[in-house]
Amino acid sequence: MEVHNVELVMSAVDPKQYPTTGQPEIALVGRSNVGKSSLTNVLINRNSYARTSSQPGKTQTLNFYHVEDALYFVDVPGYGYAKAAKSERAKWGQMIETYLTSRDTLRGVISLVDGRHAPTADDQQMYTWLSYYEIPTLVVATKMDKIAGAKWNKQLSLVRKTLSMGHDGDLLAFSAQTKAGKDEVWQWIEQHAFG
Ligand code: GTP
Ligand code: MG
């Protein structure tokens, strides 16, 4: 999809604030600093629409980006919650769980992992959780510009194995810097949002 129009409709903490158009939603999840906002910006052809930051954990609300008046990207606050205070962790978990398990219009989740390393325990937990709830999931290994092209396949295999994805789990390599993988990610989104 060639995006011309995008609008941040809502930073929501409460389900009452979620959009009511009924249009499909694709959520982006992943550890703080993994590149969720950067991926969003590439998908919508903006340099800095979704706020990126070197300070992890800045995004604390569900941010709904309305794209081409047709679907929403939902930027979910980054986890890494193992280190956060127990009360914070509980609050985060409750908001995300409520959203991911009870949102009728949610068509799929893009789960980002850092392509330079093996997925963390948090990444594994998230993928297991999404699988348990049978939420269609695309794993995106990002920051791949930091990895030599010859090592991409090996790295993707490591991601697949560490997450116990099996052969048919959806996995793509991506770089916000080179925009590698952009078309493939869009293809997955369109298939799941409108397919
Ligand atoms: P939170 O909102 O805090 O959860 O972080 P986020 O997941 O939205 O990460 P964000 O997009 O803000 O990116 C974090 C940092 O990683 C920024 O400095 C980005 O420039 C950098 N970054 C993101 N994607 C890439 C990529 O594909 N390649 C490289 N080299 N850097 C990236
Ligand atoms: Mg962000």
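Residues numbered from 1 in each chain as written. Chains lettered and ligands numbered in written order. Predicted model: local features only at pLDDT ≥ 70, side-chain atom pairs only at ≥ 80, totals over all residues.

Note the following rule: UniProt positions are given in the numbering used here, feature names are shortened, and annotations may be inferred rather than shown by experiment.
In the annotation of an unreviewed UniProt entry, the protein is listed under the name Probable GTP-binding protein EngB and assigned to Secundilactobacillus folii. Under the heading Cofactor (unreviewed entry), UniProt records this for the protein: "Mg(2+)". Per UniProt, the protein carries the Function (unreviewed entry) text "Necessary for normal cell division and for the maintenance of normal septation."

**A look at the overall build of the protein**
Operational definition: Counting from the N terminus, the helices are DSSP H or I runs at least four residues long and the strands are E runs at least two residues long. Any residue with 12 or fewer other C-beta atoms within 10 Å of its own C-beta is exposed, any with 20 or more is buried, and the rest are partly exposed; the C-beta atoms used are placed from the backbone. What counts as a contact is two residues whose backbone-derived C-beta atoms lie within 7 Å of each other.
Secondary structure assignment for the protein yields 5 helices and 7 strands. Scanning the protein from its N terminus toward the C terminus, one meets helices and strands in the order β-β-α-β-β-α-β-α-β-α-β-α. Across the 195 residues in the protein, those meeting the buried criterion constitute 34%. Here the contacts in the protein between residues at least 6 apart in sequence split such that 71% fall between residues at least 24 apart.

**Topic: unusual backbone geometry**
If you check the backbone angles, E68 has positive phi at about 50° while not being a glycine. With respect to the secondary-structure elements, E68 resides in the loop between β3 (62-67) and β4 (71-75).

**Description of the nonpolar core**
Across soluble globular proteins, you tend to see nonpolar side chains buried next to one another. Put simply, the rule is: One nonpolar core equals one set of buried Ala, Val, Leu, Ile, Met, Phe, Trp, Tyr and Cys residues connected by C-beta atoms within 7 Å.
By size, the foremost hydrophobic cluster in this structure holds 38 residues, and its most contacted members are L28, V74 and V140. For this core, the secondary structure elements donating two or more residues are β2 (25-30), α1 (36-43), β3, β4, β5 (106-114), α3 (121-132), β6 (137-142) and α5 (182-194).

**Topic: α3**
So the rule is basically this: In a helix, the anticipated span is given by 1.5 Å times the number of residues less one. Summarising the geometry, the arc corresponds to the directions from the helix axis toward the C-beta atoms.
Taking 1.5 Å per residue as the helical rise, α3 with its 12 residues ought to reach 16 Å, and the 16 Å between its terminal C-alpha atoms agrees with that figure. Within α3, burial applies to D123, M126 and Y127. Burial along α3 is one-sided: seen end-on, the buried residues are contained in an arc of 95°. In α3, the exposed positions that point more than 90 degrees away from the buried face belong to A121, T128 and Y132.

**Considerations on the pairing of β2**
Put simply, side chains in a regular strand alternate between the two faces of the sheet. Quick note on the threshold: Two strands form a pair only when DSSP identifies at least two bridges running between them.
The element β2 is largely enclosed, with a buried count of 6 among its 6 residues. Examined bridge by bridge, β2 and β4 share 4 bridges and lie parallel to one another. Pairing of I26 across the sheet is with F73, part of β4. The sheet contact formed by β2 and β5 spans 6 bridges and is parallel. Bridged to I26 within β5 is G108.

**Here's the deal with the sheet that holds strand β7 (residues 170-173)**
Within a sheet, adjacent strands bond to each other through the backbone by hydrogen bonds, running parallel or antiparallel. Short version of the rule: Lines fitted to C-alpha atoms define the axes here, with helix axes fitted over just the stretch in contact, and angles between the N-to-C directions of these axes take values from 0 to 180 degrees.
Reading across from one edge, β1-β3-β4-β2-β5-β6-β7 is the order of the 7 strands in this open sheet, with mixed pairing throughout. Two strands in the sheet have a free side with no partner beyond their single neighbour: β1 (6-12) and β7. Ignoring which end each strand starts from, the neighbouring axes of this sheet average 25° apart. Packing of helix α4 (residues 152-162) onto the sheet brings it into contact with β5, β6 and β7, and relative to β7 it is tilted by some 145°.

**Considerations on the environment of G108**
Relative to the helices and strands, G108 is located in strand β5. In this structure the C-alpha to C-alpha distance between G108 and R31, which are 77 residues apart in sequence, comes to 18 Å. For G108, the contacting residues outside a window of four places in its chain are I26, P136, T137, L138 and H192.

**Quick look at the environment of S37**
One can find S37 in helix α1. The class for S37 is buried, based on 22 C-beta atoms found within 10 Å. Considered as a pair, S37 and D75 are 38 residues apart in the sequence and their alpha carbons are 7.1 Å apart.

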